[in-house]
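# Observations on chain architecture
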Amino acid sequence: MPPTARDEAVHRDGGHGRPGATPRPTSADPSTDQPPALALLPVAAIACATAALLLLTAPRFGYFSDELYFLAAGRRPAWGYADQPPLLPLLAHALDAVSHGSLVWLRAPAAAVTALGVLTAALTARELGGRRAAQIATAGAYVVSPVMLQMGHLLITATLDIFLTTVTTWLLVRWVRTRRDRLLLLVGLTAALSLQVKFLSAGFWAVLLVALVFAGPRDLLRRPLLWVSAAGALLTAVPGLLWQARNGWPQLAMTKVISHEVATEEGGRVMFLPTVLSASGLVGAVLLSYGLWRLLTAREARPYRFLGLTFAGLCVCYLVVHGRPYYVSGLFAVLWAAGATGLQRLRPTRPRAWSTAVAYVLSAALAVQVLPVYPVHRLTSPSADRLAMESVGWPDLATSVARVYSELPADRRRRALLITDRYDQAGALDRFGPQLGLPRPYSGHRGYWYLDRPADDTATVVFVGADARYLRQFFTSVRRQGTVTNAQKVHNLNWGAPIWVCEGERRPWRTLWPRFSHLNADSAKRQADPPRR
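Residues numbered from 1 in each chain as written. Predicted model: local features only at pLDDT ≥ 70, side-chain atom pairs only at ≥ 80, totals over all residues. Heavy atoms only, no water.

### Notes on helix α2 (residues 40-57)
Residues that lie three or four places apart on an α-helix share one face, since the helix turns once every 3.6 residues. Our working rule: Put simply, DSSP H or I for four residues or longer makes a helix, DSSP E for two residues or longer makes a strand, and each gets a number counted from the N terminus. One less than the residue count of a helix, multiplied by 1.5 Å, gives the span that helix is expected to have. We call a residue buried when its accessible area falls under 20% of the maximum for its residue type, exposed when it is over 50%, and partly exposed in between, using a 1.4 Å probe and counting protein chains only. Contacts are assigned to residue pairs with any non-hydrogen atoms lying within 4.5 Å of each other.
With 18 residues, α2 should reach 26 Å at 1.5 Å per residue; the first-to-last C-alpha distance of 26 Å fits that figure. Buried within α2 are the following residues: P42, V43, A47, T50, A51, L54 and T57. On its buried side, α2 packs onto α5 (103-127), α6 (132-143) and α7 (146-153).

### Remarks on the layout of surface pockets
To keep it simple, the criterion reads: Definitions used throughout: a 1 Å grid over protein atoms alone; a cavity as a set of points that fits a 1.4 Å probe which cannot get out; a pocket as an open set with protein on both sides within 12 Å along at least five of seven lines; a lining residue as one with an atom within 4 Å of a point. Grid points are joined across faces, edges and corners, and a volume is the space filled by probe spheres set on the points. Note that Gly is not counted as nonpolar here; it falls among the polar residues with everything else outside the nonpolar set of Ala, Val, Leu, Ile, Met, Phe, Trp, Tyr, Cys and Pro and the charged set of Asp, Glu, Lys and Arg.
By volume, the second largest pocket amounts to about 910 Å³. Around the second largest pocket sit 34 residues that line it, and A133, A137, R352, T356 and Y360 are the ones nearest its centre. Only α2, α6, α14 (282-297), α16 (332-343) and α17 (350-367) provide two or more residues apiece to the lining of the second largest pocket. A per-element tally of the lining of the second largest pocket places α17 first, with eight residues. Looking at side-chain class alone, the lining of the second largest pocket contains 24 nonpolar, six polar and four charged residues.

### Some remarks on the side chain of T168
Rules: A 3.5 Å cut-off defines polar contacts: any pair of N or O atoms within that distance qualifies, except that in protein one atom must be a possible hydrogen donor and the other a possible acceptor, and neighbouring residues in sequence count only when both atoms are side-chain atoms.
Along the chain, T168 turns up in helix α8 (residues 157-178). For T168, a relative accessible area of 1% puts it in the buried group. A polar side-chain atom of T168 sits 2.9 Å from a polar atom in the side chain of T190. Beyond its immediate stretch of four places on either side in the chain, T168 contacts V187, T190, F204 and W205.

### Re the packing of helix α9 (residues 182-197) against helix α10 (residues 201-215)
For clarity, the threshold we go by: For helices, the fitted line uses only the C-alpha atoms of the stretch in contact; every axis is such a line through C-alpha atoms, and the angle between N-to-C directions lies from 0 to 180 degrees. The scheme is simple: roughly parallel for angles under 35 degrees, roughly antiparallel for over 145, roughly perpendicular for 65 to 115, oblique for anything else.
In contact at an axis separation of 8 Å, α9 and α10 are set at 140° when each is read in the N-to-C sense. Here α10 runs oblique to α9, going by the angle between their axes. Residues V187, A191, S194 and L195 of α9 form the contact with α10, whose participating residues are S201, A202 and W205. Among the residues making up the contact of α9 with α10, the classes are represented as five nonpolar, two polar and no charged.

### Some details on unusual backbone geometry
Of the consecutive residues G216 and P217, the connecting peptide bond is found in the cis state with omega at 0°. A positive phi angle, close to 55°, is found at W249, a residue other than glycine. In this structure, R446 is a non-glycine residue whose phi angle is positive, near 50°. Here R446 shows up in the loop between β2 (441-443) and α22 (448-451).

### Points about the side chain of D424
If you trace the backbone, D424 turns up in helix α21 (residues 423-432). At a separation of 3.0 Å, a polar atom in the side chain of D424 contacts the side chain of R422.

### Some details on the packing of aromatic side chains
Heads up, the condition is: The pairing test for Phe, Tyr and Trp rings, Trp by its six-membered ring, is centres within 6.5 Å, and the orientation test on the planes gives stacked under 30 degrees, edge-to-face over 60, and tilted for anything in between.
In total, this model carries 24 aromatic pairs according to the counting rule given. Ring geometry for F204 and W205: centres 5.1 Å apart, planes at 70°, overall edge-to-face. With a relative accessible area of 7%, F204 lands in the buried category. The interplanar angle of 65° and the centroid separation of 6.1 Å between the aromatic rings of W509 and W513 together place this pair among those described as edge-to-face. Its relative accessible area of 0% is what places W509 among the buried residues. Take W513: its relative accessible area is 1%, and that puts it in the buried class.

### A closer look at the pairing of strand β5 (residues 498-505)
For clarity, the threshold we go by: When DSSP locates at least two bridges between a pair of strands, those strands are taken to pair.
Burial analysis of β5 places six of its eight residues in the buried class, which makes it a mostly covered element. Examined bridge by bridge, strand β3 (residues 461-464) and β5 share four bridges and lie antiparallel to one another. Looking at the pairing, V462 lines up with V501 of β5.

### Details of the pattern of salt bridges
This is how it is decided: Here a salt bridge means any side-chain nitrogen of Lys or Arg lying within 4 Å of a carboxyl oxygen belonging to Asp or Glu.
A full pass over the atoms with the stated rule returns 24 salt bridges. Taking the shortest distance from any N to any O, the salt bridge between D219 and R223 comes out at 2.3 Å. Given a relative accessible area of 13%, D219 falls into the buried group. Two residues, D456 and R453, come together in a salt bridge whose shortest N-O distance is 3.6 Å. For D456, a relative accessible area of 32% corresponds to the partly exposed category. Sharing partners across several salt bridges, the network here consists of R75, R76, D96, D430 and R431.

### Overview of helix α19 (residues 394-406)
Taking 1.5 Å of rise per residue, the 13 residues of α19 would be expected to cover 18 Å, and the 18 Å separating its terminal C-alpha atoms lies within 8% of that figure. W394, L397, A398, S400, V401, A402, V404 and Y405 are the residues of α19 that are buried.

### Here we look at the pairing of β3
The alternating pattern of β3 places V461 and F463 and V462 and V464 on opposite faces, both of which are buried. Pairing of strand β1 (residues 417-420) with β3, which is carried by four bridges, proceeds in the parallel orientation. Note on β3: the bridge partner recorded for T420 is V464.

### Overview of the sheet that holds β2
Across the sheet, which stays open at both edges, the five strands sit in the order β2-β1-β3-β5-β4 with mixed pairing between neighbours. Edge positions in the sheet fall to β2 and β4 (475-483), since each has one partner strand and no second. Put simply, the sheet's adjacent strands are angled 30° from each other on average, direction ignored. Pairing of β1 with β2, which is carried by three bridges, proceeds in the parallel orientation. In the sheet register, L418 faces β2, and the bridge partner there is P441. Strand contacts of α19: β1, β3, β4 and β5, with the helix running at about 40° to β5, the strand carrying the most contacts.

Pasting the structure below:
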């Protein structure tokens, strides 16, 4: 019997006659291979409800530490920053400028991309052959995942990184089904945006490339548009890489600090996989596990095996280097979609329907606890959510510093300088200080050190955080004049922080300032030599 057009296509892409081959999942004419109908109304309803919930809770409590830093960094535009590319700081500053400081507007993009992530997850299930129930189940898993809700509440790098990876996996799944190369241009666009949000996204692409070489479809690697798109994405990253090179590659130093924090403070390797599962949610953990198993072992999922290998490979890499568990969250959607699509083969019965509904309701009840839907006084509990705790008390910090600053004699107050031990403290003073008459703050912590240094004609220093022993390296006189508290009595990282008045700097600031640079949250526990300009 002569070979069919489908057989020829399979052979060209590394068919069954060669080891490691990956068969095409489509017919010879991709346009005739239609996926199931999109469950648009229920999926759109889930997405809109998610966006509404995130927008309603957006103004609760206050800014998160990274958001304060982005606002300050964005007011000082640059091609790059010490600990991230420029997109988030510039976006945060633009939103803040047009909304006059609205927290809802600042976090609106996070709510929007989370809602779009719900839709993208359902589209991924559809591309994998998931019918209406599978699409709704995948969209629901996205919503009841604690990590998706938590990141959707904040405008931070992980929020956009997770969404862009989710979109990328959908585009790749769609390309495998249709072989429409124009999709690769969109893949290149998501890659370019990812590299402007987080340099860590390069790890995803490296592991994905290895997975494609190992499991196919290798035909993807022979498409010119893929490499054109990759070149374009890399080109957009050149300015940021040049900034890193001119400033001693602080991003590489940050990876060592994060590895140390994960190993010593966040449970290390032992907690990595349990945290990944808990971040996925109750229902999500089941779908994720089954979806990963299907992608790695099921014959019908073989064309998409490279995505299962990418997730497994990233988990191994981050286990080795002590990466944070949420780094792999961008691949949750495709695993949920694969799991839900596989389960649709089960015969629907009333007990299964009820048990599924109960599981999703229970998952939602647990997941919503990561949002500020409860009274602020609950944050006084030792078991309270750490991210929520660090969103409280920033105006109080500025008030505490202003009280010490105002007590300085008028002649010293005019030349006084504000320095903080942590970048988020400086961001808070930058945000709330001007209305209290405070000058611009400085900090040696992480990326804030690069924003500017004090002028040599400054005298008295009001310093927030650290301890007297550390400060006496730089000043001849160090005395404690205040303590940071907050009206809610939340014992977060700022609670009880000392406020010092320091005088008599031992050297000019142009030589003293490099010694203030530190990457750890505690300046007294520096692990790396301070970077030099």
